[in-house]
Structure formats: C-alpha cells, structure tokens
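Analysis of the macromolecular model
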Amino acid sequence: MTKEVEKNDCFSIERIELTYPKSKLVDEANAKALLISLRVALEGVFINHFGSEIAEEAFERTILKSDEISTWMKSNYKKACQLFIALKRPPQSSVCAQLEIRSKFREC
C-alpha cells in the first residue's frame, strides 16, 4: 500500500499504524446488543432493498448466531484490526492536477 501511495506523488504518508477499536466503555463483547442496534439502524434499508420477508429472516438468523458471534468477538477484540493512515497532500503538482482534471472529465 505504501508503494502505491508514494508512486502517484499526490500524497505522502505521515503516519501509519494498526489500531485497536475496542470500546473503552464496555468490557464484554455482546453481539446480541450490537445486532439489535444494527437492526434498528438498518432495517429500513434492508426492507427497501430485499423486501420485508427476507430482511426479517436475515435479522432473525443473525440473532440466533449471536452467541457464536460473541465468542468470536471476545477471542479477537484485542487483535489489531483497523489500519489508520494519515496522508498529507503536497502543494499542487502537475501530476495531481492532471489526475483531478481527468476525474472531473469522467464525471461529465
């Protein structure tokens, strides 16, 4: 990944690290609570896309696997699983300007 960023000359990597996005408020991984929250937030999107019967079945099946998902979450929560990359854009170079012009041209 670093080679790709450095190759295009539009950005430089200021910082790169693996992070641990574990909540500082909760010690236990509770998949059922997480799945219920996701259902509340996303149920409308699922119903619009798949229909109410399929959405209902998908959420119900997922809730039934919540114990298995909780076990997986508990065994993996300390592993670094999020890549953080801070990029810095140098003053406008001709290569970056050409890339921006091409991308705007494609949008038309």
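Residues numbered from 1 in each chain as written. Predicted model: local features only at pLDDT ≥ 70, side-chain atom pairs only at ≥ 80, totals over all residues. Heavy atoms only, no water.

Where nonpolar side chains cluster on the molecular surface, the patch consists of L34, L38, L42 and V45 and spans about 320 Å² of accessible area. Within the secondary structure, V45 sits in helix 2 (residues 31–50). According to the relative accessible area criterion, V45 is exposed, its value standing at 53%. (Patch = residues over 30% accessible without salt bridge, like charges linked within 9 Å, V, L, I, M, F, W, Y side chains within 5 Å. Areas by Shrake-Rupley, 256 points an atom, 1.4 Å probe, with all protein chains shown as cover. Salt bridge = Lys/Arg side-chain N within 4 Å of Asp/Glu carboxyl O. Helix = DSSP H or I, 4+ residues; strand = E, 2+ residues; numbered from the N terminus. Buried < 20%, exposed > 50% of the residue type's maximum accessible area, 1.4 Å probe, protein only.)

As a further point, take the pattern of salt bridges. Evaluated as defined, the whole model comprises six salt bridges. The partner of R39 in a salt bridge is E43, with the nearest N and O atoms 3.2 Å apart. With R39 and E43 both in helix 2 and four residues apart, the pair spans about one turn of that helix. With relative accessibility at 25%, the residue E43 sits in the partly exposed group. Across the salt bridge formed by E56 and R39, the nearest N and O atoms sit 2.5 Å from each other. Of this pair, E56 sits in helix 3 (residues 52–64) while R39 sits in helix 2; the two residues are 17 residues apart in sequence, bridging distant segments of the chain. Residue E56 is classed as partly exposed on the basis of its relative accessible area of 34%. For R39, a relative accessible area of 17% puts it in the buried group. Taken together, the salt bridges that share partners define one network made up of R39, E43, E56 and E60.

What follows is about the packing of helix 2 against helix 3. Here helix 2 crosses helix 3 at 160 degrees, and the two axes come no closer than 9 Å. Comparing the axis directions of helix 2 and helix 3 gives the class roughly antiparallel. Between helix 2 and helix 3 lies a crossing of right-handed hand. Packed against helix 2, whose contacting residues are K32, L35, I36, R39, L42, E43, F46, I47 and F50, the element helix 3 presents S52, I54, A55, E56, F59, E60, T62 and I63 at the interface. Of the residues that constitute the contact of helix 2 with helix 3, the class distribution is ten nonpolar, two polar and five charged. (Axes fitted to C-alpha atoms, helices over the stretch in contact; angles between N-to-C directions. Parallel < 35°, antiparallel > 145°, perpendicular 65-115°, else oblique. Left-handed = near helix turned anticlockwise from the far one by under 90°. Contact = heavy atoms within 4.5 Å. Nonpolar A, V, L, I, M, F, W, Y, C, P; charged D, E, K, R; others polar.)

As enumerated under the stated definition, the model contains two aromatic pairs in all. Geometrically, the ring pair formed by F46 and F50 is tilted, given 5.9 Å between the ring centres and 45 degrees between the ring planes. Of this pair, F46 and F50 both sit in helix 2, four residues apart, which is roughly one turn of that helix. On the basis of relative accessible area, F50 is assigned to the partly exposed category, the value being 44%. Ring geometry for F46 versus F59: centroids 5.0 Å apart, planes at 50 degrees, classification tilted. Of this pair, F46 sits in helix 2 while F59 sits in helix 3, placing them 13 residues apart in sequence. When its relative accessible area of 29% is taken as the criterion, F46 is described as partly exposed. Owing to a relative accessible area of 11%, F59 belongs among the buried residues under this scheme. One aromatic cluster in this structure is built from F46, F50 and F59. (Phe/Tyr/Trp six-rings, centres within 6.5 Å; stacked < 30°, edge-to-face > 60°.)

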